[in-house]
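# Summary of the model geometry
Below are the chains, spelled out letter by letter.
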Amino acid sequence: MTALLKHSAAAVMALLLGLATVPAVADTREAIESKSDAALDDLRRYSPGVKALLKKARGVLVFPDLVDMGFGAGGQYGEGALLVDGEPVAYYASSAGPAELPPGATRAAKVILFMTMDALVSFRNTVGWQVGLHGEVDLVQTAGGNVRLARARHPVLALSFSDKGIIEGADLNGSTINRIAR
């Protein structure tokens, strides 16, 4: 039995060392920007009413490609760009709990809209900004492409969508967002 444990431990160590030598490939600035532009185009197509919100927003944080992490309890991770006046000014990573995609969907994305300068400045000055803790976020609801907001004053709004359209009622609480170097 001891020999079996030694061989198993050696196999696990070899596997871990092999994985450690595989370089992690992060998206470049250009890739993040290109994917973000495409995601915003998709969002406008899924919900034309969002165009007015995008124009009013002081900052738009786009996570165009959230990836499911299949280890441990699971979750999602994605890298994105913060756009101010349509131009990328910083890059961020988002991690969140697991989310369910609509049937047939292959990817998910989220967009966070900072509707006031105060909300945008507060976000940019907070390390480890967490939805629900550092910023209250209202989900944008859509109906027939039109936008419905839960309350008149909404400093921070969010939408989740997949390649099949808007994901209504997506829970973003607990999502943590940190600035990354790119």
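Placed above this text is the structure.
Described in the following lines is the structure provided in the data block. No experiment lies behind these values; they were computed from the predicted model shown. (Residues numbered from 1 in each chain as written. Predicted model: local features only at pLDDT ≥ 70, side-chain atom pairs only at ≥ 80, totals over all residues. Heavy atoms only, no water.)

On to the nonpolar core, then. Grouped together as the largest cluster of nonpolar side chains are 24 residues, with contacts concentrated most on Leu40, Leu43, Val60, Val111 and Leu113. Counting only elements with at least two residues in this core, the list comes to α2 (29-46), α3 (50-56), β1 (59-69), β2 (75-84), β3 (87-96), β4 (108-114) and β9 (156-162). Residue contributions to this core peak at four residues, all from α2. Setting aside residues up to four positions removed in sequence, Val60 forms contacts with Leu40, Leu54, Ala81, Leu82, Leu83, Val111, Ile112 and Leu113. Ranked by size, the runner-up nonpolar core spans 20 residues in total, among them Ile112, Val131, Val156 and Ile177. (Core = buried A, V, L, I, M, F, W, Y, C linked by side-chain atoms within 4.5 Å. Buried < 20%, exposed > 50% of the residue type's maximum accessible area, 1.4 Å probe, protein only. Helix = DSSP H or I, 4+ residues; strand = E, 2+ residues; numbered from the N terminus. Contact = heavy atoms within 4.5 Å.)

Another point: the pairing of β4. Walk down a regular strand and you will see the side chains alternate between the two sheet faces. Here β4 lies mainly inside the structure; seven of its seven residues are buried. Of the two faces of β4, the one carrying Ala108, Lys110, Ile112 and Phe114 and the one carrying Ala109, Val111 and Leu113 are both buried.

Let us now look at the packing of aromatic side chains. Given two aromatic rings, one states the distance between the centres and the angle between the planes to describe the pair. What the rule picks out here adds up to five aromatic pairs. A centroid spacing of 5.9 Å and a plane angle of 70° characterise the contact between Phe114 and Trp129, whose relative ring orientation is edge-to-face. Of the two residues, Phe114 sits in strand β4 while Trp129 sits in strand β5 (residues 129-130), which places them 15 residues apart along the sequence. When its relative accessible area of 2% is taken as the criterion, Trp129 is described as buried. Here a set of aromatic residues connected by ring pairs shows up, and it is made of Tyr92, Phe114, Phe123 and Trp129. (Phe/Tyr/Trp six-rings, centres within 6.5 Å; stacked < 30°, edge-to-face > 60°.)

Along helix α4 (residues 117-124), the positions that sit buried rather than exposed are Ala119, Leu120 and Phe123. Down the axis, α4 shows its buried residues gathered within 100° of arc, on one side only. (Arc of directions from axis to C-beta.)

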